[in-house]
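Commentary on secondary and tertiary structure
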Amino acid sequence: MDFYGHVIDGEEVPSADGAEFDSIDPYRREPWARVALGSAADVDRAVRAARRAFDEGPWPRMGLAERGAVLHRLAGLLERNAEEMGLSDTRDMGKPITQSRDNDVFRAAANLRFFADHARLSTAETLPMDSGHHAYTRFEPAGVVAAIAPWNYPLMLATWKVAPALAWGNTVVLKPAEDSPVSATKLARLALEAGMPPGVLNVVHGRGPDSAGQALTEHPGIDRITFTGASSTGRVIARAAAANLVPVSLELGGKGANVVFADADLANAVEWSIKAVYTNTGQVCLAGSRIYVQRPIYEEFLARFVAAAEAMVIGDPCDAATQIGPLASEQHYRKVRGYVETVESAGGKILTGGLGDGWTVRPTVVVDMPQTAPHCTEEIFGPLVVISPFDTEQEAVELANNTRYGLNAMVFTENLHRAHRVSARLRAGTVWVNCFFIRDLRAPFGGVGDSGVGREGGSFSREFFTEPKAVIIDVKRD
Ligand code: TXE
């Protein structure tokens, strides 16, 4: 079994105390990689290395074009190693290979390319003042960024944080999720190959509480924390950030509502609705896990949706034909299984799906579920959708907004006025109309309520990963 170490100051190293853990392939349900298990000592080494690289190294002082060229080279290396990078995530957490290799790796590369270019082309405000002074803004790197990544899009979400942080001249300590560690070590190896100076991108593996994650968020040498994961963990991290007065960006869970009006293009609505809840086996914060369908088309929508769900190919995620793999870990499988097993006691009915082999849950469709049931209010993070009918637009908006989460929502309608009207009324960071998952990296990304704090993307990432400085010059003297 291959070993994956921490990457600290340009070196791949074991833990200071020699501790290791197994990464489990959730389809084969056996270890496939050995990984260094970090603790506070390893985090401290990494933060010190990142601090040295920030205070003394070339990275923050480099021109934007030169720094951007390194990020573009790294993007190219990811693309050239797409097979290996994709397979790492697939073996770690069971994502179908056509999603990890053909989508996530290229999106990771796009993150690096986009933020390299965005930083280079970014303009800053200048303010000629009536008093004869001139004010302008400098976007200076914030310092050492702690990035804590989840396991559902290991490489893609790591780069979503690392790319803007690096592009703006920060140095980074990345802690990947313990269920998906391998691609992070490979990313850091490739960064060195691309010419990134030692200490600029460090990776420390480990768990969250009482482990590397907690040590990183509590470390006094950190200047920013960016986190994607559970809402409960977000609260813990926000407390750690508050103790050190460190700005924190939290991208947390979701319970996306998908509202399908009777005037929708039905084929389009079904196609996107299936993708919205079953992509990555439902382990997506953006999952459209509650579908509300207007009554005149409810039965027709259900029939088409169930047929499409039943046609999905379940199996080995390394097989290119597979659309639904196992859940990412035994622990996560147990969580999702709990929701499947309690559908009937909560008042609902399973139309299709249920438990599969191993740690697999089949694409599951639930109807007749009371809106107060946990299945309608909690993030399940698996291939289970609750479909409910509604009558009026007002009722649809109320149902959609009836959640503590507010990450995203979908609306399907051919009525332009309704599309704008409902989009404005939905409590969500992103609303997709007649589509899903389409992203422009300049747009704000994040959620309201339990879905998070702050936005990233484009200039929103710039605001977070820099310290904007106002410089005011007296220009009136001669
Ligand atoms: O998340 P955690 P888990 C949701 C989803 C899932 C649930 C639990 O509903 O079922 O969260 O998943 C690190 N200090 N999402 O337990 O614990 C941890 O090591 C510092 C939604 O895996 O939040 C990992 O790197 N770090 C989601 C990362 O946080 C800590 C993606 C995420 O793990 C820490 C994932 C601590 N005290 C899960 N505790 C999304 N928004 O997309 C944990 N970590």
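Scope of this entry: the structure provided in the associated data block. Here the residue numbers are simple positions, counted from 1 along each chain's written sequence. Reporting in this predicted model follows two pLDDT cut-offs: at least 70 for local features of residues, and 80 or more for side-chain atom pairs to be given and counted; totals over whole chains, interfaces and linings ignore these cut-offs and use all residues. Side-chain measures were taken over the full set of non-hydrogen atoms in the model, leaving aside hydrogen atoms and water.

1. Some remarks on a nonpolar patch on the surface
- Where nonpolar side chains cluster on the molecular surface, the patch consists of Leu-127, Met-129 and Ile-472 and spans about 270 Å² of accessible area.
- Here Leu-127 lies in strand β6 (residues 126-128).
- Under the relative-accessibility criterion, Leu-127 is labelled partly exposed at 39%. For patches, a residue must show more than 30% relative accessible area and have no salt bridge; joins then use 9 Å for like charges and 5 Å for nonpolar side chains, namely Val, Leu, Ile, Met, Phe, Trp and Tyr. A 1.4 Å probe and the Shrake-Rupley method give the accessible areas. Residues count as covered only by the protein chains that appear here. For this analysis, a salt bridge means a side-chain nitrogen from Lys or Arg found within 4 Å of a carboxyl oxygen belonging to Asp or Glu. Here a helix means four or more residues in a row that DSSP labels H or I, a strand means two or more in a row labelled E, and each is numbered from the N terminus. Relative accessible area decides the class of each residue, using a 1.4 Å probe on protein chains only: under 20% of the type maximum gives buried, over 50% gives exposed, and in between gives partly exposed.

2. Quick word on the packing of helix α4 (residues 97-121) against helix α15 (residues 458-465)
- In this analysis, axes come from line fits to C-alpha atoms, helices being fitted only over the stretch in contact, and the angle between any two N-to-C directions falls in the range 0 to 180 degrees. In the contact formed by α4 and α15, the axes pass within 10 Å of each other and the chain directions differ by 75°. Taken together, the axes of α4 and α15 are roughly perpendicular relative to one another. The segment α4 lies against α15, with Phe-114, Phe-115 and His-118 engaging Gly-458, Ser-459 and Ser-461.
- We call Asp, Glu, Lys and Arg charged. Ala, Val, Leu, Ile, Met, Phe, Trp, Tyr, Cys and Pro are nonpolar, and the rest, Gly among them, are polar. In terms of residue class, the contact of α4 with α15 is built from two nonpolar, four polar and no charged. We call two directions roughly parallel when the angle between them is under 35 degrees, roughly antiparallel when it is over 145, roughly perpendicular when it lies between 65 and 115, and oblique otherwise. Throughout, a residue-residue contact means that at least one pair of heavy atoms, one from each residue, lies within 4.5 Å.

3. Section: the sheet that holds strand β7 (residues 133-141)
- Across the sheet, three strands lie side by side as β6-β7-β21; this open sheet has antiparallel pairing. For this open sheet the edge positions go to β6 and β21 (466-474), each flanked by a neighbour on one side alone. Strand-to-strand twist in this sheet, taken as the mean axis angle between neighbours without regard to direction, amounts to 20°.
- DSSP calls a pair of strands paired once it identifies at least 2 bridges connecting them. Across nine bridges, β7 lies against β21 in antiparallel orientation. Paired with Pro-141 across the bridge in β21 is Thr-466.

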